[in-house]
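# Coordinate inspection notes
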Amino acid sequence: IGLFILGWLVLANQLLGGSFVDQPDTQKQLVTMKQPLRGEFVNLINNLKDVENIQDLTILSSGIPQISAYLPLDFYISYNIHFSHPAANFSERHLFISELASSVDSDSFYQKLINSPIDKVDALLFFKAEEYYPVIFGIDNYPSGVSEEEIKISKNLINEQYFVTVFEDEHFVFFKIKEPR
């Protein structure tokens, strides 16, 4: 019994919450997690809560994973660790978004969106920039971790003929895609 107690005491600091919590990287992440949500995200979440049937929409977004903790959103492309799972079709979705960004006019952009090869895209949620909307990805860069990639969608590709602006603020814009006639 004495050997069991000694072994338990030696291993106790390695159990869940043991030395893991004491590591500097873990401490830094815990501090970050305890910080309040930035104001622009609070406004975004409140605006999205007002969107009718938001839970039924498939959204192509700039890559704003923070809001997933607050709303049940269905993103066209996943921004979490499981993006590499074959069932997620990440590569095909990524290629599709690259092709979307290469559209020459709003009509071809709209046609590509409504004929999406994997899932129907119902709405667009973008960060705002000067002349484009960025779509930001974490791309697997084994063994170095993840690298960031940005695809730029020209603002000229989105117009009121094909899209309804549901809300827009200083940081974000949310469009619903009009149904084909």
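See above for the structure.
In what follows, the accompanying structure is described. Remember, it's a predicted structure, so these values are computed and weren't measured experimentally. (Residues numbered from 1 in each chain as written. Predicted model: local features only at pLDDT ≥ 70, side-chain atom pairs only at ≥ 80, totals over all residues. Heavy atoms only, no water.)

## Quick look at the packing of aromatic side chains
As enumerated under the stated definition, the model contains 10 aromatic pairs in all. Look at tyrosine 110 and tyrosine 162: their rings are 4.2 Å apart centre to centre, the planes differ by 20°, and that puts the pair in the stacked class. Pair noted here: tyrosine 110 is in helix α6 (residues 106-114) and tyrosine 162 is in the loop between β5 (146-154) and β6 (163-168), with a separation of 52 residues, a long-range link. The buried category is assigned to tyrosine 162, whose relative accessible area is 11%. Above the ring of tyrosine 76, the side-chain terminus of arginine 93 is found at 4.9 Å from the ring centroid. (Phe/Tyr/Trp six-rings, centres within 6.5 Å; stacked < 30°, edge-to-face > 60°. Helix = DSSP H or I, 4+ residues; strand = E, 2+ residues; numbered from the N terminus. Buried < 20%, exposed > 50% of the residue type's maximum accessible area, 1.4 Å probe, protein only. Lys NZ or Arg CZ within 6 Å of the ring centre and 35° of its normal.)

## Re the sheet that holds strand β3 (residues 123-127)
Strand order in this open sheet of 5 strands is β2-β1-β3-β7-β6, and the pairing throughout is mixed. Across the chains shown, the open sheet's two edge strands, defined by having one partner strand only, are β2 (74-75) and β6. Summarising the sheet, strand β1 (residues 58-61) and β3 pair through 3 bridges and their orientation is parallel. Opposite leucine 60, over in β3, you have leucine 124 as the bridge partner. (Pairing = 2+ DSSP bridges.)

## Describing the packing of helix α5 (residues 90-101) against α6
Relative orientation of the contacting elements α5 and α6 amounts to 160°, with a least axis distance of 9 Å. Considering their axes alone, α5 and α6 lie roughly antiparallel with respect to each other. Crossing geometry of α5 relative to α6 is assigned as left-handed. Taking contact as the criterion, the partners of Phe96, Glu99 and Leu100 in α5 are, on α6, Phe109, Lys112 and Leu113. Of the residues belonging to the contact of α5 with α6, the class tally is 4 nonpolar, no polar and 2 charged. (Axes fitted to C-alpha atoms, helices over the stretch in contact; angles between N-to-C directions. Parallel < 35°, antiparallel > 145°, perpendicular 65-115°, else oblique. Left-handed = near helix turned anticlockwise from the far one by under 90°. Contact = heavy atoms within 4.5 Å. Nonpolar A, V, L, I, M, F, W, Y, C, P; charged D, E, K, R; others polar.)

## Here we look at the nonpolar core
Grouped together as the largest cluster of nonpolar side chains are 25 residues, with contacts concentrated most on Ile97, Phe109, Leu124, Phe126 and Phe163. Secondary-structure elements contributing two or more residues to this core are α5, α6, β3, β4 (132-140), β5 and β7 (172-177). It is α5 that provides the largest number of residues to this core, a total of 4 residues. Ignoring sequence-local partners within four residues, the contact set of leucine 124 consists of Ile59, Leu60, Phe109, Leu113, Ile158, Phe163, Val173, Phe174, Phe175 and Ile177. (Core = buried A, V, L, I, M, F, W, Y, C linked by side-chain atoms within 4.5 Å.)

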